[in-house]
Amino acid sequence: MSLNLRLDDDRSAALRERARREGITPRAAALRAVDEYLSATDRRARVRRSAVEQAETWRELLDRLK
């Protein structure tokens, strides 16, 4: 899949500068950001699912503690 990302001038300059400081290309920096976003949102979804499962497992005890 191909994707064009249009950034405003400030973001574009910031991305180029950050990438330069890290010794990578702006493309590599953008890909890293996408990977981090996907990982973070996947992690949040797993935590939510786990919380729901645990609440269901311990529902009776949690109700008694109210």
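Residues numbered from 1 in each chain as written. Predicted model: local features only at pLDDT ≥ 70, side-chain atom pairs only at ≥ 80, totals over all residues. Heavy atoms only, no water.

Asker: What is the right way to read a nonpolar patch on the surface from this model?
Answerer: There is a patch of nonpolar side chains on the surface, built from Trp 58, Leu 61, Leu 62 and Leu 65 and spanning about 400 Å² of accessible area. Among the structural elements, Leu 61 can be located in helix H3 (residues 59-65). (Patch = residues over 30% accessible without salt bridge, like charges linked within 9 Å, V, L, I, M, F, W, Y side chains within 5 Å. Areas by Shrake-Rupley, 256 points an atom, 1.4 Å probe, with all protein chains shown as cover. Salt bridge = Lys/Arg side-chain N within 4 Å of Asp/Glu carboxyl O. Helix = DSSP H or I, 4+ residues; strand = E, 2+ residues; numbered from the N terminus.)

Asker: Help me understand the packing of helix H1 (residues 9-22) against helix H2 (residues 26-57), please; the structure alone is not making it clear to me.
Answerer: Helices that pack against each other are described as a pair by the angle of their axes relative to one another and the distance between those axes. Where H1 meets H2, the closest approach of the two axes is 8 Å, and the angle between their N-to-C directions is 100°. With respect to H2, the axis of H1 lies roughly perpendicular. Along the contact surface, H1 presents Leu 15, Arg 16, Ala 19 and Glu 22, while H2 presents Pro 26, Ala 29, Ala 30 and Arg 32. Its residues assigned to classes, the contact of H1 with H2 comprises five nonpolar, no polar and three charged. (Axes fitted to C-alpha atoms, helices over the stretch in contact; angles between N-to-C directions. Parallel < 35°, antiparallel > 145°, perpendicular 65-115°, else oblique. Contact = heavy atoms within 4.5 Å. Nonpolar A, V, L, I, M, F, W, Y, C, P; charged D, E, K, R; others polar.)

Asker: Any chance you could explain the pattern of salt bridges here in plain terms?
Answerer: Pairing is possible between side chains of opposite charge, provided their charged atoms come close. Taken as a whole and assessed by the stated rule, the structure comprises six salt bridges. Its salt-bridge partner being Asp 8, residue Arg 11 comes within 3.2 Å of it at the nearest N-O pair. The partner of Glu 17 in a salt bridge is Arg 20, with the nearest N and O atoms 2.6 Å apart. Pair noted here: Glu 17 and Arg 20 are both in helix H1, with a separation of three residues, about one helical turn. Assessed through its relative accessible area of 32%, Glu 17 is described here as partly exposed. Of the residues examined, Arg 20 reaches a relative accessible area of 54% and is grouped as exposed. In this structure, a network of salt bridges that share partners links the residues Glu 17, Arg 20 and Arg 21. (Buried < 20%, exposed > 50% of the residue type's maximum accessible area, 1.4 Å probe, protein only.)

Asker: So what exactly am I meant to see when it comes to the confidence of the model for the protein here?
Answerer: Detailed reading of predicted coordinates is not advised where the pLDDT is low. When pLDDT is averaged along the protein, the result is 93; 100% of the residues meet or exceed 70. Predicted confidence in the protein is weakest over H3, with a mean pLDDT of 90, and strongest over H1, with 97. (pLDDT = per-residue confidence, 0-100.)

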